[in-house]
Amino acid sequence: MAGYGWILQRIGGFTLKKNLNFILNFVFTISISAMFFCSGCFLQVTDEEKVEEEKEWNILIYMAADNNLESSAISDINEMESSGFDTSKMNIFVLVDRALGNDASNGDWSDTRLLKIVNDNSAAIASTRLNCNELTLSENTSVELDMANKEVLEGFIQFVMNNFPARYNAFIVWGHGCGWRYYSTDINSQTSLSLYDLGIGLKRGLAGYRPFDLIAFDTCFSLNLETIYELKNYGSIFAGTPGLEINDGWNYNFLGKALKSDCSPLMLGQIICDSFREEYGSYEYGSFALIDLSKVKEFCEGLNMYFSEISECICNREKQNSYRTFIKSDVIGYDALSYPCDHYFDIYDFVSKVKEIEEDIDNTNIENLFSEMFLYTVCSSSMCSQYPLGLYFTTYIADGVCDVSHPLSYTALSKVSGKCSLVNDLISYVPTTEGETSFLDCLFYKNFNL
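If you're wondering where the values come from, they're calculated on a predicted model, not measured in any experiment. (Residues numbered from 1 in each chain as written. Predicted model: local features only at pLDDT ≥ 70, side-chain atom pairs only at ≥ 80, totals over all residues. Heavy atoms only, no water.)

### Details of the overall build of the protein
Looking only at helices and strands, the protein has 14 helices and 15 strands in total. Residue pairs in contact within the protein that sit at least 24 positions apart in sequence constitute 69% of those at least 6 positions apart. Accessible surface computed for the protein: about 20,800 Å², of which carbon and sulfur atoms make up 51%. (Helix = DSSP H or I, 4+ residues; strand = E, 2+ residues; numbered from the N terminus. Contact = heavy atoms within 4.5 Å. Areas by Shrake-Rupley, 256 points an atom, 1.4 Å probe, with all protein chains shown as cover.)

### Side note on helix 12 (residues 364-373)
For helix 12, every residue scored as buried is listed here: Ile366, Leu369, Phe370 and Met373. One side of helix 12 holds all its buried residues, which, seen down the axis, span an arc of 105°. Packed against the buried residues of helix 12 are helix 6 (225-230), strand 10 (287-292), helix 9 (296-313), helix 11 (347-354) and strand 13 (374-379). (Buried < 20%, exposed > 50% of the residue type's maximum accessible area, 1.4 Å probe, protein only. Arc of directions from axis to C-beta.)

### Some remarks on the confidence of the model for the protein
Taken as a whole, the protein shows an average pLDDT of 88; of its residues, 88% reach a score of 70 or greater. Contacts for the low-pLDDT stretch residues 1-50, under 50 throughout, to residues beyond four places or in other chains number nine contacts. (pLDDT = per-residue confidence, 0-100.)

### Points about the packing of helix 4 (residues 150-163) against helix 5 (residues 195-205)
Packed helices, taken two at a time, are described by the angle their axes make and the gap between the axes. It is at 8 Å that the axes of helix 4 and helix 5 come closest, and there the two elements cross at 30°. Of the possible angle classes, the one that applies to helix 4 and helix 5 is roughly parallel. When you trace helix 4 past helix 5, the crossing you get is right-handed. For the pair helix 4 and helix 5, contact is made by Lys150, Leu153, Glu154, Ile157 and Gln158 and by Asp197, Leu198, Ile200, Gly201, Leu202, Arg204 and Gly205, respectively. (Axes fitted to C-alpha atoms, helices over the stretch in contact; angles between N-to-C directions. Parallel < 35°, antiparallel > 145°, perpendicular 65-115°, else oblique. Left-handed = near helix turned anticlockwise from the far one by under 90°.)

### Describing the pairing of strand 14 (residues 390-398)
Most of strand 14 is tucked away: seven of the nine residues are buried. Where strand 12 (residues 341-346) lies against strand 14, six bridges are found, and the strand directions are antiparallel. By the bridge assignment for strand 14, aspartate 342 is matched with threonine 395. Bridging between strand 14 and strand 15 (residues 401-402) involves two bridges; their strand directions are antiparallel. Bridging from a neighbouring strand, alanine 398 pairs with valine 401 of strand 15. Once strand 14 ends, the chain turns through two residues before running back antiparallel as strand 15, passing glycine 400 with a positive phi of about 75°. (Pairing = 2+ DSSP bridges.)

### So, the state of the cysteines
Summed over the entire model, instances satisfying the criterion amount to zero disulfides. Cysteine 442 carries a free sulfur, and the closest cysteine sulfur to it, the one in cysteine 315, is 9.7 Å from it. (Disulfide = S-S within 2.5 Å.)

### Describing the pattern of salt bridges
One pass over the full model with this rule turns up 14 salt bridges. In this structure, the salt-bridge partner of lysine 150 is aspartate 197, at a minimum N-O distance of 3.9 Å. You can see lysine 150 sitting in helix 4 and its partner aspartate 197 sitting in helix 5, a full 47 residues away along the chain. Note that lysine 297 is salt-bridged to glutamate 301, the shortest N-O span being 2.7 Å. Here the residue lysine 297 and the residue glutamate 301 both occupy positions in helix 9, the gap between them amounting to four residues, near one helical turn. (Salt bridge = Lys/Arg side-chain N within 4 Å of Asp/Glu carboxyl O.)

### Quick look at the packing of aromatic side chains
This model, assessed by the stated rule, comprises 39 aromatic pairs. Relative to tyrosine 387, the ring of phenylalanine 374 has its centre 5.2 Å away and its plane inclined at 50°; by these criteria the two rings are tilted. Of the two residues, phenylalanine 374 is situated in strand 13 and tyrosine 387 in the loop between strand 13 and strand 14; the sequence distance between them amounts to 13 residues. Tyrosine 387 shares its class with phenylalanine 374; the two are buried. An aromatic cluster is built from Tyr306, Phe307, Tyr323, Phe326, Phe345, Phe350, Phe393, Tyr429, Phe439, Phe444 and Tyr445, whose rings are joined through pairwise contacts. When the ring centre of tyrosine 229 is taken as origin, the NZ or CZ atom of lysine 232, which lies over that ring, is 3.8 Å away. (Phe/Tyr/Trp six-rings, centres within 6.5 Å; stacked < 30°, edge-to-face > 60°. Lys NZ or Arg CZ within 6 Å of the ring centre and 35° of its normal.)

### So, helix 8 (residues 265-279)
Compared with the 21 Å implied by 1.5 Å per residue over 15 residues, the 21 Å span of helix 8 between its first and last C-alpha is a close match. Along helix 8, the residues that are buried comprise Pro265, Leu268, Gly269, Ile271, Ile272, Cys273, Ser275 and Phe276. (Expected span 1.5 Å × (residues − 1).)

### Here we look at the packing of helix 9 against helix 12
Look at helix 9 against helix 12: their axes get within 10 Å of each other, and the N-to-C directions meet at 160°. Taken together, the axes of helix 9 and helix 12 are roughly antiparallel relative to one another. Seen from above, helix 9 lies across helix 12 with left-handed handedness. Of helix 12, the residues touching helix 9 (which contributes Val296, Glu298, Phe299, Gly302, Leu303 and Tyr306) are Asn365, Ile366, Leu369, Phe370, Glu372 and Met373. Taken together, the residues of the contact of helix 9 with helix 12 sort by class into eight nonpolar, two polar and two charged. (Nonpolar A, V, L, I, M, F, W, Y, C, P; charged D, E, K, R; others polar.)

Pasting the structure below:
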C-alpha cells in the first residue's frame, strides 16, 4: 500500500478510500479507451488488407508464352474466362509472359502480368491484373520477368499461398516441354527452365505449405519417369502426356465442369484427362494419365532391380544390337517431329514385350507397381500403352540414327551440376562414366570384343 500511497500523493493527496476509487476508475477508463481505439483500428482495415475467404480450389497456371506460343496463350486465357467456372469456389491465377511479334491482340503488351481470371465471354481479356510484391509486379507498370528463372516460379507460388487460402491447390505448367531437359522457354532471356530448377522452384515456393494436390503439365513430353521422379515430393497427383501435344494444348472449358459439385483432386484430374481425350481423339498416340506421386519412389526402386536383371542378360554383341533394335523398332516411342530429338520409349510396353526375349525374367512385381502408381488413363487408340510413361533412351540426329553418346547431364557419376534426380538414383539404367554395368552402358558403351 505504501507504493500506491506515494503515487496518489503525487497526483493530489486523496484519502485511502478515494484513492482506491480513483485507481479503479482510472484503470476502467483506460481499458474502455483501449477497446475503442482497437475497434477503430479494425474498422480502418482496407479491402486489400483483409484475409481472402477460403475457396475450395486455387488453380495456379505458370504460362511461359514469351515464345511462338503467344497466340495460344491468349486463346487459352479467353477459354478460362468463358468456361463458366464457379468463382465462389475457385480462384484461377495465371502468371503470363507474352512475346514480341506473334500476337497483336489485347493491346499487344509484351511484359509479364499476374492475372486473376474472371468470368467473361468477350474476345478481349477481361481478367483482373494483380499487384505482387514477391515478383515486383504492379497493375500499372510494365515488368519483364524471366519465366525460366526458378525464383520467378517460387515468387508466384508464395504470393498465392500467402494470400489466398484454399482447401485444394493445383499447379499447371503451361508452354514448351522437353522432358528431362527443360520446360518454360523464354525467348527474351534465351533460356529455359531446367527440370532440376523446376523442382527447386516448387520446393522453395511451397516452403511452409503442404504439397500441391495436383501438378499438371499442359506441355509436350511431361509424363516421363524423369519428370515425375523430380516432382514426387511436391504434389499428390501428377497429370500429363508422354508425347506431343499437336494442337494448341488443352481446352480450358473443362474448368466449368470442375465444380458443379464438390471436386476432389482425383476428380479434377479425371476431368482434365477426359477433356484431353476429347481434344486428341483422332491422334493415334494421344494418351494422358494420372500418377500417384506417393508411389513413384517405390516404383523406381523396383525398376532399378528390374534393369539390373535385364543388364545381366546382355552378354554379347549380338544381344547388345538386338536390344537396341528392339527398343527403336518394336516398343512404343515418343519423339518430336524434327531432328535432333530425344527418343523416349514406353516403359510398360517394353516390360510387356521383353518377356518374349527373356523368359527367365519375372515381370510380376514391376507390373504390379505400374497398376498401383497409375490412377487413371485415357488413350485415343490401340497404339497407346495401357500405362503410358516414357523414359529417355537416346537422342536421334536423323531418323533412327543415334547420337554418338549420351549427354553428361544424363550420366551418373559425372560432375555436371543440376542433373535431374533420376540420373543419380536409377543407377542400373542410366549411363555411367565407367560405361560397364548399367542397362544403357551395356547397350551403347560396353565393348564385348574384349
